[in-house]
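Reading the structure
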Amino acid sequence: MSQIAKLVAQRLALGLLTLFIVSLIIFLCVEMLPGNFSEAILGQSATPETVAAFNRELGLDLPPHERYVTWLFNMLQGDFGRSLASKRELSELLGYRLENTLFLAAVAAVIAVPLAVSLGVLAALYRESFYDRAVNVVTLSSISFPEFFVAYILILVLAQNMGVFPAISNISDELGFWEKVYRTALPALTLTLVCVAHMMRMTRAAIINLLASPYIEMARLKGLRPTRIILKHALPNALAPIINVVVLNLAYLVVGVVLVEVVFVYPGLGQLFVDSVRSRDIPVVQACSLIFAMTYVLLNLLADVLSIMSNPRLLHPR
Amino acid sequence: MTMPLTGNTFGGQASPWFSRIAVAAVHFFLLVLFLQNVAADFWSAIPGFIFIHAYSIVVLAYWSSLDRTAAGDTVIVTLTLEFVLIALLFWDRFSAWPWSTLFGLALVQFCAFAAVRYWKDLRQAPRSAWFGLIVILVYVMVAATAPIIAPFSETEIVGSEYDVWSNKNLLGTDNLGRDMFTRLIYGGRNTVGIAFITTLLAFVVGGLAGILAAAMRGWVDQVLGRLVDILMAIPSFILARLILTIVGTSVPSLILVIALLDATRVFRLARAVSMNVVVLEFVEAASLRGEGLWWLIKSEILPNILPPLVAEFGLRFCFVFLFLSGLSFLGLGIQPPTADWGSMVRDNATLITYGDITPLLPAGAIALLTIGVNFVVDWFLHKASGLKD
């Protein structure tokens, strides 16, 4: 077990380092912003004295490295500063938005992951058949679609023509759980369609990769049924790449929701991000980028750790 | 044209000159008829246009199986004359965009020439690859000759807002009353062009850095590798938007930022595949006989890693293309009034709630091209890997 602990610790340290560098990059990006922060807020008519006073109040007169450290520590304590546009405390706004985004991602994941894995297993089982080829063409096409295309087609078909789901998913806390699920159905379906293809193809490839190995041949020669061979013999060994791709797609679900949220006017983090980019609300952009980057890095890290953990050679050292 | 002339049924001689002239004459006769028709009604002429060229393509295809050089020569002569004719007839549109139109026409000629040159390979391509190739060809042609095909100018307001489909405005008008069909054509030119340049830049930078890292090893490899690791740790969509918010969304900065982010992926691939080549004996032999680094890259490594890189180019192009239209959709990509497929979807999205599919057309155009490129890449990978059906 010590080997695995060491590997995991190594990855964790690396992830922390990455997070640190990411925060540095985001800070530097904002530093390089042309124009003066306070002048932008106070307007053109501000006297140099007011600007200086405002700078002092915000701590902007300090050298960059000191400001970076303060910013980082504030972030760590959950203090994200204030939005320039609404003057609201960012932490509550972000918390609410992040919760919504995670809810959407979770609904999408609950549909997408089992669907993708079972479709992939079926494709591996009936490989080279009509079903396999059909799934192949469909997934190749659905990877090629821009997300907003899928989204609008779903709106057109399911919301406009058939009226099954609402076209705009305005959710709020007062709604019950199932009402919320109902309203997030279309964005979640869009995300599902976009990310199932990738997971399914990887599942199929991971299983088919193993089918040439001696123990599968052995199982086949014993006269086992193909279903049993795939499920009992191939699938457990293909788990590492499958888990990896599933977790990476979860990262995509959280980070890649931006477009979908904009289409469906879903009150999530992505929508907030786009709005604040448009209004150049820098603290919000900064905080959102950091949260997205953090989720991405953490989930990547999780994928790494899980694929190490699911490797039997590392789990049971000789 | 280094292709040896084999399988010539004319007993080693080129096809008779009079048949070439006959085909060209028929082609131009039909073309003149068609162009006369254009003056009356632009749109009813399209079937005629397609027919004439389909006819010429069939004849050329027959020839190229007999005599490649003659077919190639004929393509050049025919197309050049055709261009002159088009330029004269559409003089007002041509003179508005002389250089881009000339460049576009040259591009069309190049495509036709390449098709004749590689006809043998093309004939063996599977149906899906053919579909992809035709889609790409149509897009290239439309994008290249946009000023000639488009009935209006890109930013011209020609009617009221959200007009329905009619003879005058083939696909209706957009949210500002500009012709949708025209914008669709110009949007293709802008989006595809910028995505192509971006991918090319990403490949030059990323590919070169990757090969250098593999060939030089040591600290170069370490520094470049860590730099790429960091850039890849941040989700590219987020980083791109963050940087674009800061530097502003002009076309050059758009190209540079996306190219830089994509170069990291190309770097990974280029480094991985050239690592496999660098350790082989022939590279060692070349470096032992004193060849320089550039020579090694150019003549030993690059030819051996080209197939995966070309396939990756196709996939990267799709990715950049989708990325770019995603950014435009969010209002961070190509800026108005320049037409662009992503922003066209967003600007006209309201129509969808009334059951009108017009705003879906640019999105569909994006999807179609991406599918086409994917199919061609699939075929190319299959061919390059040497697999037999």
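Residues numbered from 1 in each chain as written. Chains lettered and ligands numbered in written order. Predicted model: local features only at pLDDT ≥ 70, side-chain atom pairs only at ≥ 80, totals over all residues.

Topic: the overall build of chain B
- Helix and strand counts for chain B come out as 16 helices and zero strands.
- Expressed as a percentage of the 389 residues in chain B, the buried residues total 38%.
- Counted over contacts in chain B with a minimum sequence separation of 6, partners at least 24 positions apart contribute 68%. (Helix = DSSP H or I, 4+ residues; strand = E, 2+ residues; numbered from the N terminus. Buried ≥ 20, exposed ≤ 12 C-beta atoms within 10 Å, placed from the backbone. Contact = placed C-beta atoms within 7 Å.)

Things to note about the overall build of chain A
- Scanning chain A for helices and strands turns up 15 helices and zero strands.
- Residues counted as buried form 36% of the 318 residues belonging to chain A.
- Sequence separation of 24 or more characterises 72% of the internal contacts of chain A that already satisfy a separation of 6 or more.

Describing helix α11 (residues 236-247) of chain B
Residue and element names in this part refer to chain B.
- Taking 1.5 Å of rise per residue, the twelve residues of α11 would be expected to cover 16 Å, and the 16 Å separating its terminal C-alpha atoms lies within 8% of that figure.
- Extensive coverage of α11 is indicated by the burial of nine of its twelve residues.
- Within the span of α11, buried status applies to Ser 236, Phe 237, Ile 238, Leu 239, Ala 240, Arg 241, Leu 242, Leu 244 and Thr 245. (Expected span 1.5 Å × (residues − 1).)

With respect to the packing of helix α11 (residues 226-255) of chain A against helix α14 (residues 282-309) of chain A
All names here are of chain A.
- Following both chains from N to C, one finds α11 and α14 inclined at 170°, their axes separated by 9 Å at the closest point. With respect to α14, the axis of α11 lies roughly antiparallel. Between α11 and α14, the residues in contact are Ala 240, Ile 243, Asn 244, Val 247, Leu 248, Leu 250, Ala 251, Val 254 and Val 255 and Phe 292, Thr 295, Tyr 296, Leu 299, Asn 300, Leu 302, Ala 303, Leu 306 and Ser 307, respectively.
- The residue inventory of the contact of α11 with α14, partitioned by class, reads 14 nonpolar, four polar and no charged. (Axes fitted to C-alpha atoms, helices over the stretch in contact; angles between N-to-C directions. Parallel < 35°, antiparallel > 145°, perpendicular 65-115°, else oblique. Nonpolar A, V, L, I, M, F, W, Y, C, P; charged D, E, K, R; others polar.)

Regarding the interface of chain B and chain A
- Taken residue by residue, the interface counts 32 residues in chain B and 36 residues in chain A.
- For the side of chain B that touches chain A, the secondary structure elements donating two or more residues are α10 (218-233), α11, α14 (293-329) and α16 (360-384) of chain B.
- Of the residues forming the side of chain B that touches chain A, the biggest block, eight residues, is contributed by α16(B).

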